[in-house]
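Topology and contacts: notes
One letter stands for each residue in the lines below.
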Amino acid sequence: MNILVLNAGSSSFKSSFYRLDEPELASDPVVPLWTGAINWDSSGKAVLKAKTANDEVKEERSQANRVVDIHDLLNWLWSGKTQVIKDIGEIDIVGNRVVHGGDKYRQPTIIDSEVKAEIDRLSIYAPLHNPANLMGIEAIGSISANTPQMAVFDTTFYRDLPEVAYVYPLPYQWLERGIRKYGFHGISHQYCTRRAAELLGRDVQELRFISCHLGNGCSLAATKFGRCIETTMGFTPLDGLMMGTRCGSIDPGIILHLLREQEYTVVELDRILNFESGLLGISGVSNDVREIAKAIDLGNTRAKLALDMYVDRLAAQISSLLPRLGGVDAVIFTAGVGEHHAGIRAAVVDKLAFLGVEIDPNLNNLAILPDRDLATERSSVRLLAIHTQEEWEIARTCWEYLRRQRS
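Everything quoted here is computed from the prediction, not taken from an experiment. (Residues numbered from 1 in each chain as written. Predicted model: local features only at pLDDT ≥ 70, side-chain atom pairs only at ≥ 80, totals over all residues. Heavy atoms only, no water.)

Below, the discussion takes up the sheet that holds strand β14 (residues 382-385). With mixed pairing, six strands are arranged side by side in an open sheet as β11-β10-β9-β12-β14-β13. Each of the sheet's edge strands pairs with one partner strand only, and the pair in question is β11 (227-231) and β13 (372-373). Note that strand β9 (residues 208-214) and strand β10 (residues 218-224) share seven bridges and pair antiparallel. Bridge assignment links R208 to a residue of β10, and that residue is K224. (Pairing = 2+ DSSP bridges. Helix = DSSP H or I, 4+ residues; strand = E, 2+ residues; numbered from the N terminus.)

Here's what the structure looks like:
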């Protein structure tokens, strides 16, 4: 089976091509034969890259055109230096990451005009992501209308959230308007919980996990016996943990106060809460933990406050999930910060010492790969650092669909 995966974001576009058969799927994860990426910056420039095991292509463009850039990148899959197939007709299915599926789509879904229209409608809830996801879908459709495409939704992972978790304490009628907790980063949490069970040599159906997706966006997911029962992101990706540029959970009265005093418009507040808050807003330095750490070394007290707040809130929200789970077998750290920042992992675990959890400093300071358990032998909870692989999780989902169709 030839599977192409598209993972489109607000400022980037990633793609991976997999050739899978059933024996290969047992090797988890499989390395893609081809990867492609585009990064667009705020100045209007673009950098396109494609790579195979033997070759690599990179092109910088001073004038970005996202539609053209995506088409050109995909063309490198079947032409030029990084060609691995003859044409798009060799692709059995294209899997697309879609951030928001709303109430309607609780499972991965084959894309048709109705599905595209709903993804577009849901852009009001995920304005930075759903339109970008649609751009990748449309790019494939314009090249080949006959190539089947599947939408794999981040929100699908949370389809089993209990009512007590997804209903807000607001007028109940608002629930009918779609105002509820949805949750995000679901594909990452799904991959990491499955991978964690493999590392522990146990069935995911008998384990309780708290997975910590810590990138520029951050979220926790509590998974009990294979079912996600709580998460920190809510109606939008703005809720929950303190993040790189997003505020996370705050008193909603602050927003009402600022609107009432006419200090800010809704548009201005949206920008501030999403792009000028979090680590960047407190430190005044950066949303990047590495830059904040450098500032701390130079004596920057605001940078230290930002990192202290980040760790404190992360540990507090991990702790808040414990009653829901009735205990925890493993805490998982993943994504850019979770995978690569040993100091933050150690600081969080130190605040969780009351659980009897203990991290091995030597293991913690090693590079992330391969995925590993960082806890000491006497730790009451396992501590896993896992390299999240969303593209591979999407490819697995597509493979399972094709296998059912052909059986």
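On to the pairing of strand β4 (residues 46-51), then. Residues in a regular strand point their side chains to alternate faces of the sheet. Residue alternation in β4 divides its side chains into a buried set, A46, L48 and A50, and an unburied set, V47, K49 and K51. As paired strands, strand β3 (residues 34-40) and β4 are joined by six bridges and run antiparallel to one another. When the sheet's bridge partners are listed, I38 is paired in β4 with L48. Count of turn residues in the β3/β4 antiparallel hairpin: five residues, of which G44 carries a positive phi of about 95 degrees. Where β4 folds back onto strand β5 (residues 56-61) in an antiparallel hairpin, the turn is made up of four residues. (Buried < 20%, exposed > 50% of the residue type's maximum accessible area, 1.4 Å probe, protein only.)

By size, the foremost hydrophobic cluster in this structure holds 45 residues, and its most contacted members are L214, Y310, V348 and L383. When contributions to this core are tallied by element, the ones reaching two or more residues are β9, β10, α10 (289-297), α11 (301-325), β12 (330-334), α13 (342-351) and β14. Examining the composition of this core, we find that 11 residues originate from one element, α11, more than from any other. In this structure, L383 is in contact with V331, F333, V349, V357, E358, I359, R372, D373, L374 and A375, ignoring residues within four places of it in sequence. By size, the runner-up hydrophobic cluster in this structure holds 26 residues, among which are V152, I332, W392 and Y401. (Core = buried A, V, L, I, M, F, W, Y, C linked by side-chain atoms within 4.5 Å. Contact = heavy atoms within 4.5 Å.)

None of the figures reported here should be taken as evidence of function without further support.
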